[in-house]
Amino acid sequence: MSTPGSSLPPLSLSILGVEPLDEFIREIADFVHHKIMTRPNMHPQAKVEVEAKLGVLRDRSSRQRLMLPVLVETILTPNEIDVQFESNMSLTQHKHFNTMLNELMRVSSQPSHPTSPLEYTHVKVIDSFYPLDNPRERDKIRVTRDEKTNTVLEITRKVRLGDLNIYSPKRAADWRVSVSLEVPVSHPIGSPTHVRRKDRICYSHEEFNIDLTQVHSNAAPNAPPEVLHELEVEIARPALLLSTATKRADPNVSENERNAFDELIRSFVNNARILVKNASDGWHQRS
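Residue indices begin from 1 for each chain and proceed along its sequence in written order. For this predicted model, a pLDDT threshold of at least 70 governs which residues receive local features, and a threshold of 80 or more governs which side-chain atom pairs are given and counted, while totals over whole chains, interfaces and linings are taken from all residues. To obtain the side-chain values, all non-hydrogen atoms of the structure were used and water was disregarded.

Chemist: Which parts of the structure should I look at to understand the overall build of the protein?
Modeler: We count a stretch as a helix when DSSP gives it H or I for four or more residues in a row; a strand needs E for two or more, and each element gets its number in order from the N terminus. From N to C terminus, the protein includes four helices and 10 strands. In the protein, the succession of helices and strands from N to C terminus is α-β-β-β-α-β-β-β-β-β-β-β-α-α. Principal axes of the C-alpha set define a box for the protein whose edges measure 80 × 50 × 45 Å. For the protein, buried positions account for 38% of its 287 residues. In this analysis, two residues are considered to be in contact whenever any of their non-hydrogen atoms come within 4.5 Å of each other. In the protein, the proportion of contacts linking residues at least 24 apart, taken out of those at least 6 apart, comes to 67%. Total accessible area on the protein stands at roughly 17100 Å², and carbon and sulfur atoms take up 51% of it. Here Asp and Glu are counted as negative and Lys and Arg as positive; His is not counted, and neither are the chain ends. Note on charges: their place is set at NZ of Lys, CZ of Arg, CG of Asp or CD of Glu. Here the protein holds 36 positive side-chain charges and 38 negative ones, and the gap between their average locations is 4 Å. Only protein chains enter the accessibility calculation, which uses a 1.4 Å probe. A residue is then buried if its area is under 20% of the maximum for its type, exposed if over 50%, and partly exposed in between. The Shrake-Rupley method, run with a 1.4 Å probe, gives the accessible areas here. Residue values count only the displayed protein chains as cover.

Given below as structure tokens:
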């Protein structure tokens, strides 16, 4: 019989000895898996992109940050609430994450650090966007060039397959999970509708890239450039993502292979949550 002040004995995870399924992570995993498995067959070299972008959910009518009667982070049912996701953050917030990630990269290289080390690359590119031949199509063709050499790195049409908005009432930022298809195309003819110059620091950790980007965007030929700051987490290897998605719940493969997709999404969600938790209070102040 325990007595007041005695130490807590080891506890079982539950009365069944197992931990209940995390419905939040499972919902995101189900959403991403469904979008992958039902994607259109547009090109044999098309790549699936899964990313989580930090930002603020705004009510379209009031333009204020969304407020809902919930206490913790919540996945919004798609298309049920009229909101706009605004990924731009203040310069102060950008510097905050740059300092935090640089410090994490430094300490992660120490032998005593509990996780794999972070690495980073600094990339400067110019994205030029061209309309499709069909004016009804909202997608655009993106031509990416190296800013220094002007070498074409990629020509793609990005097709958005779906979004999940996550509202985080206890944090300074919300986030959005997006699944897209990047389809290689030939170089378009004509002039671009707008240009975005990206100064990006890409921190890589295991199967994920964390991209901190400053964007100079020219929406119109004579308009002054708009400076944006964005932060996102992306699953780094599309081939691994597709392979694990295909084997999910397959009875003919090992248990580890069946569970690999959900483990990948779990770590992906955890990384997004860590970044959201570390957002400072100045996020949604317009700068």
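Read on, since the account is not over.
Chemist: Mind showing me how you'd approach helix H2 (residues 91-108) here?
Modeler: Two residues of an α-helix separated by three or four positions point the same way, owing to the 3.6 residues in each turn. One fewer than the residue count of a helix, multiplied by 1.5 Å, yields its expected span. Between the first and last C-alpha of H2 there are 25 Å, a value that for 18 residues agrees with the 26 Å anticipated at 1.5 Å per step. Buried positions along H2 lie against strand E1 (47-59), strand E4 (119-131), strand E8 (194-205), strand E9 (208-218), strand E10 (226-235) and helix H4 (255-277).

Chemist: What should I look at first to understand the side chain of Lys 198 in this one?
Modeler: Relative to the assigned elements, Lys 198 resides in strand E8. For Lys 198, the side chain forms a polar contact with the side chain of Asp 127, separated by 2.9 Å. What Lys 198 contacts, discounting residues up to four positions off in sequence, is Val 123, Lys 124, Val 125, Asp 127, Thr 213, Gln 214 and Val 215. By the criterion applied in these results, polar contacts are pairs of N or O atoms within 3.5 Å in which, for protein atoms, one can donate a hydrogen and the other can accept it, and in which residues neighboring in sequence qualify only through two side-chain atoms.

Chemist: Would you explain the pattern of salt bridges in this entry?
Modeler: Pairs may arise between side chains of opposite charge once their charged atoms sit close together. By definition, a salt bridge exists where a carboxyl oxygen of Asp or Glu is found within 4 Å of a side-chain nitrogen of Lys or Arg. According to the stated counting rule, one finds 26 salt bridges in the structure shown. Linked by salt bridges that have partners in common, Arg 26, Asp 30, Arg 248 and Asp 262 make up one network.

Chemist: Can you help me understand the pairing of strand E5 (residues 140-146) in this one?
Modeler: Within a regular strand, side chains alternate between the sheet's two faces. By the bridge criterion, seven bridges tie E4 to E5 in an arrangement that is antiparallel. Residue pairing for E5: Asp 127 is matched across the bridge by Thr 144. For two strands to count as paired, DSSP must find a minimum of two bridges between them. Where E5 and strand E6 (residues 152-167) come together, five bridges link them in antiparallel fashion. Each residue of the ladder has a partner; that of Thr 144, found in E6, is Glu 154. Between E5 and E6, which pair antiparallel one after the other, the connecting turn spans five residues, and Asn 150 there sits at a positive phi close to 65 degrees.

Chemist: Could you clarify how one ought to interpret the packing of aromatic side chains in this entry?
Modeler: Geometrically, a pair of aromatic rings is defined through the distance of the ring centres and the angle of the planes. Ring pairs shown here join Phe, Tyr and Trp side chains whose ring centres sit within 6.5 Å, with only the six-membered ring taken for Trp; geometry is labelled stacked below 30 degrees between planes, edge-to-face above 60, and tilted in between. Summed over all chains, the structure comprises two aromatic pairs. Ring geometry for Phe 24 versus Trp 175: centroids 6.2 Å apart, planes at 50 degrees, classification tilted. One end of the pair, Phe 24, is in helix H1 (residues 23-37); the other, Trp 175, is in strand E7 (residues 174-184), with 151 residues separating them in the sequence. Pair check on accessibility: Phe 24 and Trp 175 agree, each one buried.

Chemist: Would you mind showing me how to read the pairing of E9 here?
Modeler: Burial analysis of E9 places eight of its 11 residues in the buried class, the great majority of the element. Taken together, E8 and the strand that follows it, E9, pair antiparallel across an intervening segment of two residues, in which Glu 206 is found at a positive phi of about 55 degrees. In terms of strand pairing, E9 meets E10 through 10 bridges, oriented antiparallel. Opposite Asp 211, over in E10, you have Glu 232 as the bridge partner.

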